[in-house]
Amino acid sequence: MKKLTITLLALLAVCGGCNDEDFLNREPQNILLNEQIFSNEQLTLSAMADLYDRFPDFQRTDRWYEFTNFDEAFASNSGDYFRHQNQEYNYDSWNYWDYGYLRDLNLFIQQCSQATALAPAVRDRYLAEARFIRAGVYFELVKRMGGVPLILDPLTYDFSGDATALRNPRKKESEIYDFIISEMEAVQAVLPSDPSIKGRATKAAALAMETRAALYAGSIARYGVNTPQVSLSGGEVGIPAERATGYYQTALKAAQAITGYALYQKNPTNLADNFANLFLDKANNPEVIFVYDYKLKSGKIVGWTLDNSPLTSAEEGTNGGRLNPSLNLVQSFEKLDNTFAPLPISDAAGNPISYSNPADLFAGRDARLAGTVLYPGTSFKGKPVDIWAGYQLGNGAVVTADKPGGQKTLPGGTTPVAVIGRDGPIDGLEYTAQSGFYIRKYLDPTVGSAQIGTQSEVWWVRYRYAEVLLNAAEAAFELGQKGVAVDYLNQVRARAGLTTPLTTTDLTFDRIVHERKVELAFEGHELWDYKRWRLAHVVWNGASTELTKNPGKADDPSTRVFGLWPYKVYDPGQPNDGKWLFRQVLPSRVTNAHRFRLGNYYSFINDDIRANNPLIVRNPNQ
């Protein structure tokens, strides 16, 4: 009480000692008032930029480690090994509940709609953009939490002590998806139809969000019957099966309405480079629809290349190499004859197969493999990726070292030579290629991109045309329109060098799943796809399963991250001397299998949220 009295007296002294009678009516000089923001187009744009910047992507290139949570990659970083050692995903994994952000969006919409100083066309575009962002936030909420309260006005507390009026129950999951779809249909006519706009909402971006949201809702309705216990009686979780067809029709229609975009094919003579450049090229990129952008020297840069460059091309010592794609993913890229098979490292009798060049093992595969992954025998920034685990002697023994590029004297030799690659792999040694692979997708070859003081401006692509085609293919497939579906799939596959078109006879659900896995790897789709198909608990079933021999099968378990290590043969005078052999490995830091439980389909709503609002019902199976 004494402290409060002193503070009040001091405040009165300050106010009483002021001779300016308008002192308390002066406008603050360090903040902008709402009426000021909406009286100036550039200030309104700045407020809009802040709303864009806060969009809650779960996986993004500024958080490389989030891509190692499942079976796409291994985290070659000691602080992240726990991702391969947890038996279960927590129920609060991936949860999200930011109604403060939604209130800011609702305030923007309310105040912008009343702004008379802005030209009507300018005001209407800003309003459409804010509604686009708000719908995107609700999309993030519904795919993580299920149905949530749908708040479209900036609620204000009256300090009466009674917050009952501010409490809203969860909507049905279908109602949130319906809201997203209806918002995208409402704003698309207002947004610009300009394919050169990538960092702001456009008509195509709205259609892309609509087709993705409708596809998610349709598949939850169709495949939710496989997990009836993942539902709530009020519809907050789960969508009735009879609604599947309508959602798929909406997804297909929205995808087909996108015009002015095309698959990126600027380098048809090197399809792997072409695929990699798709994510780097900011100059008239015909495929990219909507991005989160970065800019050098702006304070908004991304460290993906700094964190993930091979050691041989790292620009600051040993910094890099953290994200190692898994053998699970690598072997998913099919052969050019449209067949699936594990990489041939041994013959039918189990004898190792030797190769003259390590890259030969991966020859004749989908070009997206080399566009996504740096494997032994490839290069980055003009430097060969030096991935090999040691020398294998004629008697089967291995000579290796415990540091990248380490040297030893081989039998019969007189001088030390390198007995392991400068990029590793070394089991348990962070920054080396512990799976035998490095990431290529989003990796920036520009000088300085792997320097702490520079880094990269490669954008994060949220929506692109190839995904739209795959969404259309899946929706058409689910509607029984196999001819339409296979045409969309073949467009994407032809860009990857798969020149034998699929037929309607070839088209299966497994094919749909596979195509998304290889085309959209490391783009933030894997978790949500397996959740909406109700396959997550089947694929990540918690059992310590071996690497599947059926990489084209959608429901085969894939619970541990495997690797593939190359060895040079040292056997002077014998036919295999100087050739390469490969061994499948399980990194020693992989000590447990991924286990996705039924309670993980929808994330845990925190206790404090439910305590503050008793109308919020708990998600099932938690």
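K.L.:
Can you help me understand the overall build of the chain in this one?
P.N.:
Check the secondary structure of the chain and you find 18 helices and 14 strands. Relative to a compact globule of 622 residues, whose C-alpha radius of gyration would be 25 Å, the chain shows 27 Å and is just as compact. With 622 residues in all, the chain has 54% of them scored as buried. Within the chain, contacts between residues separated by at least 24 positions form 71% of all contacts whose residues are at least 6 apart in sequence. Split by element, the accessible area of the chain, about 25600 Å² in all, is 51% carbon and sulfur. Measuring between centres, the 63 positive side-chain charges of the chain sit 2 Å from its 70 negative side-chain charges.

K.L.:
What should I look at first to understand the packing of aromatic side chains in this one?
P.N.:
Aromatic ring pairs are defined here through the distance separating the ring centres and the angle between the ring planes. What the rule picks out here adds up to 39 aromatic pairs. Centroid distance Trp-304 to Tyr-442: 6.2 Å. Interplanar angle 75 degrees. Geometry classified as edge-to-face. Here the residue Trp-304 occupies a position in helix H10 (residues 304-308), and Tyr-442 occupies one in the loop between strand E11 (438-439) and strand E12 (460-464), the gap between them amounting to 138 residues. Among the residues examined, Trp-304 registers a relative accessible area of 2% and is labelled buried. Under the relative-accessibility criterion, Tyr-442 is labelled buried at 1%. An aromatic cluster of three or more residues is present, and its members are Phe-70, Tyr-89, Trp-94, Tyr-223, Phe-509, Tyr-530, Trp-533, Trp-540, Phe-596 and Tyr-601. For the cation-ring pair, Arg-583 lies above Tyr-567, with the distance from its terminal atom to the ring centre recorded as 4.9 Å.

K.L.:
Where do I start with helix H5 (residues 120-145) in this structure?
P.N.:
Residue pairs three or four apart in sequence face the same way in an α-helix, which turns once every 3.6 residues. Look at H5: 37 Å from first C-alpha to last across 26 residues, which is about the 38 Å you get at 1.5 Å a residue. Following H5 by one or two positions, Gly-146 has its phi on the positive side, about 85 degrees.

K.L.:
Hey, could you run me through the side chain of Thr-68 in this one?
P.N.:
As for its placement among the helices and strands, Thr-68 is situated in the loop between helix H3 (41-53) and strand E1 (73-75). Sequence-distant contacts of Thr-68, that is, excluding residues within four places in its chain, are made with Ala-73, Phe-74, Ala-75, Arg-83, His-84 and Leu-323.

K.L.:
What am I meant to see in the packing of helix H13 (residues 465-478) against helix H15 (residues 509-519) here?
P.N.:
Packed helices, taken two at a time, are described by the angle between their axes plus the distance between the axes. Contact geometry for H13 and H15: axes closest at 10 Å, N-to-C directions at 170 degrees. For the element pair H13 / H15, the angle class is roughly antiparallel. From H13, Ala-466, Glu-467, Leu-470, Asn-471, Ala-473, Glu-474, Phe-477 and Glu-478 reach across to H15, where they touch Phe-509, Ile-512, Glu-515, Arg-516 and Glu-519. Split into classes, the residues belonging to the contact of H13 with H15 amount to 6 nonpolar, 1 polar and 6 charged.

K.L.:
Hey, could you run me through unusual backbone geometry in this one?
P.N.:
Glycine aside, the phi torsion of most residues is negative, and most peptide linkages are trans. A cis amide bond links Gly-424 to the next residue, Pro-425, at an omega of 10 degrees. Here Pro-425 lies in the loop between strand E10 (417-418) and E11. Phi is positive for Phe-159, close to 60 degrees, though the residue is something other than glycine. With respect to the element layout, Phe-159 can be found in the loop between H5 and helix H6 (173-187). With a relative accessible area of 71%, Phe-159 lands in the exposed category. Here Asn-284, not a glycine, exhibits a phi torsion of approximately 55 degrees, which is positive. Topologically, Asn-284 is positioned in the loop between helix H9 (271-277) and strand E2 (288-292).

K.L.:
Looking at this model, I keep getting lost on empty space enclosed by the protein. Mind explaining?
P.N.:
To find the voids left in a structure, one rolls a probe of water-molecule size over its atoms. Inspection of every chain in the model, using the stated rule, returns 5 cavities of 30 Å³ or more. In this model, the largest cavity occupies a volume close to 250 Å³. Within the residue set of the lining of the largest cavity, elements represented by two or more residues are H5, helix H7 (203-223) and E12. A per-element tally of the lining of the largest cavity places H5 first, with 5 residues. For the lining of the largest cavity, the class distribution of residues is 11 nonpolar, 4 polar and 6 charged. If you add up the space inside the second largest cavity, you get close to 190 Å³. Taken together, 22 residues form the lining of the second largest cavity, with Asp-71, Ser-332, Lys-517, Pro-551 and Ser-558 sitting closest to its centre. Contributing elements (two or more residues each) for the lining of the second largest cavity: helix H11 (327-330), H15 and helix H16 (526-532). With 4 residues, H15 is the single largest residue contributor to the lining of the second largest cavity.

K.L.:
What is the right way to look at the sheet that holds strand E14 (residues 580-585) in this model?
P.N.:
The pairing of strands in a sheet comes from backbone hydrogen bonds and takes either a parallel or an antiparallel form. Taking strand neighbours across the sheet as the criterion, the 4 strands line up as E8-E7-E13-E14 in an open arrangement whose pairing is mixed. Lying at the two open borders of the sheet, with one neighbouring strand each, are strand E8 (398-399) and E14. Across 3 bridges, the pairing between strand E7 (residues 391-393) and strand E13 (residues 563-570) is parallel. Within the sheet, the bridge partner assigned to Tyr-391 lies in E13 and is Lys-568.

K.L.:
Help me understand the packing of H3 against H5, please; the structure alone is not making it clear to me.
P.N.:
Following both chains from N to C, one finds H3 and H5 inclined at 10 degrees, their axes separated by 10 Å at the closest point. Classed by the angle they form, the pair H3 and H5 counts as roughly parallel. On H5, the residues touching Glu-41, Thr-44, Leu-45, Met-48, Leu-51 and Tyr-52 of H3 are Val-122, Tyr-126, Glu-129, Ala-130 and Ile-133. Each residue belonging to the contact of H3 with H5 can be placed in one class, and the counts come to 8 nonpolar, 1 polar and 2 charged.

K.L.:
When you look at the confidence of the model for the chain in this model, what are you seeing that I'm missing?
P.N.:
Parts of the model with low pLDDT should not have their predicted coordinates read in detail. For the chain, mean pLDDT is 94; residues scoring 70 or higher make up 94% of the total. Between residues 1-18, whose pLDDT stays under 50, and residues either more than four places distant or in other chains, the model counts 1 contact.

K.L.:
Which parts of the structure should I look at to understand the pairing of E12?
P.N.:
For a regular strand, side chains alternate in direction, first toward one face of the sheet and then toward the other. By the criterion of burial, E12 is predominantly enclosed, with 5 of the 5 residues buried. Two elements, E2 and E12, share 4 bridges in a ladder whose sense is antiparallel. Looking at E12, one finds that Val-288 is bridged to Arg-464.

The rules behind these values
Residues numbered from 1 in each chain as written. Predicted model: local features only at pLDDT ≥ 70, side-chain atom pairs only at ≥ 80, totals over all residues. Heavy atoms only, no water. Helix = DSSP H or I, 4+ residues; strand = E, 2+ residues; numbered from the N terminus. Rg over C-alpha atoms; globule rule 2.2 N^0.38 Å. Buried < 20%, exposed > 50% of the residue type's maximum accessible area, 1.4 Å probe, protein only. Contact = heavy atoms within 4.5 Å. Areas by Shrake-Rupley, 256 points an atom, 1.4 Å probe, with all protein chains shown as cover. Lys, Arg positive; Asp, Glu negative; His and termini not counted. Charge placed at Lys NZ, Arg CZ, Asp CG, Glu CD. Phe/Tyr/Trp six-rings, centres within 6.5 Å; stacked < 30°, edge-to-face > 60°. Lys NZ or Arg CZ within 6 Å of the ring centre and 35° of its normal. Expected span 1.5 Å × (residues − 1). Axes fitted to C-alpha atoms, helices over the stretch in contact; angles between N-to-C directions. Parallel < 35°, antiparallel > 145°, perpendicular 65-115°, else oblique. Nonpolar A, V, L, I, M, F, W, Y, C, P; charged D, E, K, R; others polar. 1 Å grid on protein atoms, 1.4 Å probe; cavity = no way out; pocket = protein on both sides within 12 Å on 5 of 7 lines; lining within 4 Å. Points joined across faces, edges and corners; volume = space filled by probe spheres on them. Pairing = 2+ DSSP bridges. pLDDT = per-residue confidence, 0-100.

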